[in-house]
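A structural walkthrough
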Amino acid sequence: MANSNQISEEQWKEKLSEKEFHVLREKGTEPPHSGKYNTHFEGGKYKCRGCGELLFDSQSKFESNCGWPSFDSSVEGSIEYIKDSKFGMQRIEILCSNCGGHIGHIFDDGPTETGKRYCVNSLSIDFKNK
């Protein structure tokens, strides 16, 4: 798919559902424990819902009990990291490096060797079985 700079907001609105548009293009967040991938642990790959870019492998997914899908690593080069100080918090926002879609945030409180927790909106990703 083309880079987001080549896709107008109207084209994004046609391509995505209203909720997907809110998360991916307006940096929204789905309610905790509401996403279809929160407790999904099938083997496969997770791709950006906006452009299809490969973001995460199921082997990096873990149960965090935070209410959103959590991964301890991403596919190299697939994520862009942006400082986010909205709502009086200091966080790192994660974006799809291909289309700029908002995926979620990353935290340094993961329980695995990486120490990372990529906290992801289910609405920002699609799953493909192995």
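Residues numbered from 1 in each chain as written. Predicted model: local features only at pLDDT ≥ 70, side-chain atom pairs only at ≥ 80, totals over all residues. Heavy atoms only, no water.

Attention now goes to the side chain of Arg25. Turning to its location among the elements, Arg25 is positioned in helix α2 (residues 18-26). Buried charged residue Arg25 carries no salt bridge. Nearest counter-charge: Glu9, at 4.2 Å. (Helix = DSSP H or I, 4+ residues; strand = E, 2+ residues; numbered from the N terminus. Buried < 20%, exposed > 50% of the residue type's maximum accessible area, 1.4 Å probe, protein only. Lys, Arg positive; Asp, Glu negative; His and termini not counted. Salt bridge = Lys/Arg side-chain N within 4 Å of Asp/Glu carboxyl O.)

It is worth spelling out the side chain of Ser58 at this point. Examined against the element boundaries, Ser58 turns out to sit in the loop between β2 (54-57) and β3 (61-62). What Ser58 contacts, discounting residues up to four positions off in sequence, is Glu42, Gly43, Gly44, Tyr46 and Lys130. (Contact = heavy atoms within 4.5 Å.)

Our focus in this paragraph is the pattern of salt bridges. Between side chains of opposite charge, pairing is possible as soon as their charged atoms come close. The full count for this structure, using the stated rule, is 8 salt bridges. Arg49 is the salt-bridge partner of Glu20, the closest N and O atoms lying 2.9 Å from each other. With Glu20 in helix α2 and Arg49 in the loop between β1 (44-48) and β2, this residue pair connects regions lying 29 residues apart in the sequence. Overall, Glu20 belongs to the buried group, its relative accessible area being 12%.

Moving on, we get to the nonpolar core. Within the largest apolar cluster, 22 residues are counted, with the highest numbers of intra-cluster contacts made by Cys48, Leu55, Phe56, Ile94, Ile103, Tyr118 and Val120. Breaking this core down by element, the ones donating at least two residues are α2, β1, β2, β6 (91-96), β7 (102-107), β8 (117-120) and β9 (125-129). Each residue touching Tyr118, except ones within four places of it in the same chain, is listed here: Phe56, Pro69, Ser70, Phe71, Asp72, Ser73, Ser74, Ile79, Tyr81, Ile94, His105 and Ile106. (Core = buried A, V, L, I, M, F, W, Y, C linked by side-chain atoms within 4.5 Å.)

Our focus in this paragraph is unusual backbone geometry. Positive phi is not limited to glycine here, since Lys27 has a value of about 60 degrees. If you trace the backbone, Lys27 turns up in the loop between α2 and β1. Residue class for Lys27 comes out partly exposed when judged on its relative accessible area of 39%.

With the rule as written, the count across this model stands at 7 aromatic pairs. Relative to Phe71, the ring of Tyr46 has its centre 5.0 Å away and its plane inclined at 70 degrees; by these criteria the two rings are edge-to-face. Of the two residues, Tyr46 is situated in strand β1 and Phe71 in strand β4 (residues 70-71); the sequence distance between them amounts to 25 residues. Residue classification places Tyr46 among the buried positions, given a relative accessible area of 0%. Look at Phe71 and you get buried, because its relative accessible area is 0%. Taking the centre distance of 4.2 Å and the plane angle of 15 degrees together, the rings of Phe56 and Phe71 count as stacked. (Phe/Tyr/Trp six-rings, centres within 6.5 Å; stacked < 30°, edge-to-face > 60°.)

Going through the model one piece at a time under the given rule, you end up with 0 disulfides. With no disulfide of its own, Cys48 lies closest to Cys99 among cysteine sulfurs, the gap being 3.6 Å. Not engaged in a disulfide, the cysteine Cys66 finds its nearest cysteine sulfur in Cys119; these two sulfurs lie 3.9 Å apart. (Disulfide = S-S within 2.5 Å.)

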